[in-house]
Amino acid sequence: MYKCPKCKSPNTYKEKIMGSDTGDRVCKDCGHTTSAVSFRVKQEQQDKEV
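Our subject in this report is the structure included herewith. Source: prediction; values computed, not measured.

Reading the values: rules and limits
Residues numbered from 1 in each chain as written. Predicted model: local features only at pLDDT ≥ 70, side-chain atom pairs only at ≥ 80, totals over all residues. Heavy atoms only, no water. Pairing = 2+ DSSP bridges. Helix = DSSP H or I, 4+ residues; strand = E, 2+ residues; numbered from the N terminus. Axes fitted to C-alpha atoms, helices over the stretch in contact; angles between N-to-C directions. Phe/Tyr/Trp six-rings, centres within 6.5 Å; stacked < 30°, edge-to-face > 60°. Lys NZ or Arg CZ within 6 Å of the ring centre and 35° of its normal. Buried < 20%, exposed > 50% of the residue type's maximum accessible area, 1.4 Å probe, protein only. Contact = heavy atoms within 4.5 Å.

So, on to the sheet that holds strand β2 (residues 20-27). One open sheet holds the 3 strands; their spatial order is β1-β2-β3, and the pairing between them is antiparallel. Two strands in the sheet have a free side with no partner beyond their single neighbour: β1 (12-17) and β3 (33-35). Direction aside, the axes of adjacent strands within the sheet are offset by 45 degrees on average.

This part covers the packing of aromatic side chains. Under the definition given, this model contains 0 aromatic pairs. Directly above the aromatic system of Tyr2 lies the positively charged group of Arg25, at a separation of 3.9 Å from the ring centroid.

For the rest of this paragraph, the subject is the environment of Cys30. Tracing the sequence through the fold places Cys30 in the loop between β2 and β3. You can call Cys30 partly exposed: its relative accessible area is 36%. With 21 residues separating them along the chain, Cys30 and Ser9 place their C-alpha atoms 8.5 Å apart. Setting aside residues no more than four positions away along its own chain, Cys30 makes contact with Cys4, Lys6 and Cys7.

None of this, on its own, says anything about what the molecule does.
Here's what the structure looks like:
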């Protein structure tokens, strides 16, 4: 699961430029863009949310 590290929104997508995956993720809500690793939610955080 991915969440924006800036606004905590789960509304993210993979960034693509000219059809190629850049490896980055983009938040649809605040526009923050960075590596997918930064958006990844740790397992312990997922357990707390369930």
